[in-house]
Amino acid sequence: MSTSFSRFDSSGASGRKSRTVSAQAGIQHLRTSRHSLGASGGLSFVSSDLSNGDSSTQIGFVGSGSFNYKLDEFSAGLSVSQSVQPSSEGELNSLTSLSGDISYRINSLQSLGFRINYTRRSDISGGGDILQFVTLGPSYNYSLTKDSSLSLGYQFRLRDEVASDVVTGHQVMLTLAHDLTLLQ
């Protein structure tokens, strides 16, 4: 079970102030030593106040699902998620995302991966523009210690734009991660 609370203020044209509370429950299941499944679902309650005095309350669905398959050197996964998030202008958006990834373990310290992600963003009220994003790219991961890793990744991003047809972007990431164990 998880819950979250966020407050979002925008001083842009809409002058929107929003409060979001999400409640979600989920389950992870190791079906076999190679298969794992996960699912979660819940509701997001959004209360918004505009600078002109109007206010509204909206309810949206949040959730996710995942399927992972692992062999000795290969692993693959597929996941889907639904969330409610504010845009940079303060408008509330419904984000639906579908992701797939594959990884090849070179040895006990190194692995190569590839990920593709499709995201659809629309206004939570049902109006407004619908934007679609596709992100894909490879990554290289190196285990520094049992709990630390270093990864280098590249992403190519393709987005449809209302004013111009298609917008592209590139991103290179260098990530240092360390796992923390809080409870034994």
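Residues numbered from 1 in each chain as written. Predicted model: local features only at pLDDT ≥ 70, side-chain atom pairs only at ≥ 80, totals over all residues. Heavy atoms only, no water.

K.L.:
So what about the pattern of salt bridges? Which residues, and what values?
P.N.:
Considering all chains together, one arrives at 1 salt bridge under this definition. Residues arginine 115 and aspartate 101 are paired through a salt bridge, measuring 3.4 Å at the closest nitrogen-oxygen approach. In this pair, arginine 115 is assigned in strand 7 (residues 110-123) and aspartate 101 in strand 6 (residues 92-105), connecting sequence segments 14 residues apart. Overall, the relative accessible area of 39% leaves arginine 115 in the partly exposed class. (Salt bridge = Lys/Arg side-chain N within 4 Å of Asp/Glu carboxyl O. Helix = DSSP H or I, 4+ residues; strand = E, 2+ residues; numbered from the N terminus. Buried < 20%, exposed > 50% of the residue type's maximum accessible area, 1.4 Å probe, protein only.)

K.L.:
Tell me about the packing of aromatic side chains, and name the residues and values.
P.N.:
Counting across every chain of the model gives 1 aromatic pair. Ring geometry for phenylalanine 74 and tyrosine 104: centres 5.0 Å apart, planes at 45 degrees, overall tilted. In this pair, phenylalanine 74 is assigned in strand 5 (residues 74-86) and tyrosine 104 in strand 6, connecting sequence segments 30 residues apart. Classification of phenylalanine 74 by relative accessible area gives partly exposed; the value is 43%. (Phe/Tyr/Trp six-rings, centres within 6.5 Å; stacked < 30°, edge-to-face > 60°.)

K.L.:
Could you give an account of the layout of surface pockets, with specific residues and numbers?
P.N.:
As a volume, the largest pocket reaches approximately 660 Å³. Around the largest pocket sit 36 residues that line it, and Ser103, Ser111, Gly113, Ser139 and Asn141 are the ones nearest its centre. For the lining of the largest pocket, the secondary-structure elements that each account for two or more residues are strand 5, strand 6, strand 7, strand 8 (131-143), strand 9 (148-160) and strand 10 (166-178). Per-element tally for the lining of the largest pocket: the top contributor is strand 8, with 8 residues. The residue inventory of the lining of the largest pocket, partitioned by class, reads 12 nonpolar, 18 polar and 6 charged. (1 Å grid on protein atoms, 1.4 Å probe; cavity = no way out; pocket = protein on both sides within 12 Å on 5 of 7 lines; lining within 4 Å. Points joined across faces, edges and corners; volume = space filled by probe spheres on them. Nonpolar A, V, L, I, M, F, W, Y, C, P; charged D, E, K, R; others polar.)

K.L.:
I'd like a rundown of the side chain of serine 36, residues and numbers included.
P.N.:
Here serine 36 shows up in strand 3 (residues 35-49). The contact partners of serine 36, leaving out residues within four places of it in the chain, are His29, Leu30, Arg31, Ser66, Phe67 and Asn68. (Contact = heavy atoms within 4.5 Å.)

K.L.:
Which residues make up the confidence of the model for the chain, and what are the values?
P.N.:
A residue-level look at the chain finds 82% of positions with pLDDT of 70 or above and a mean pLDDT of 84. Mean pLDDT values over the elements of the chain span from 62, in strand 1 (residues 2-9), up to 94, in strand 8. (pLDDT = per-residue confidence, 0-100.)

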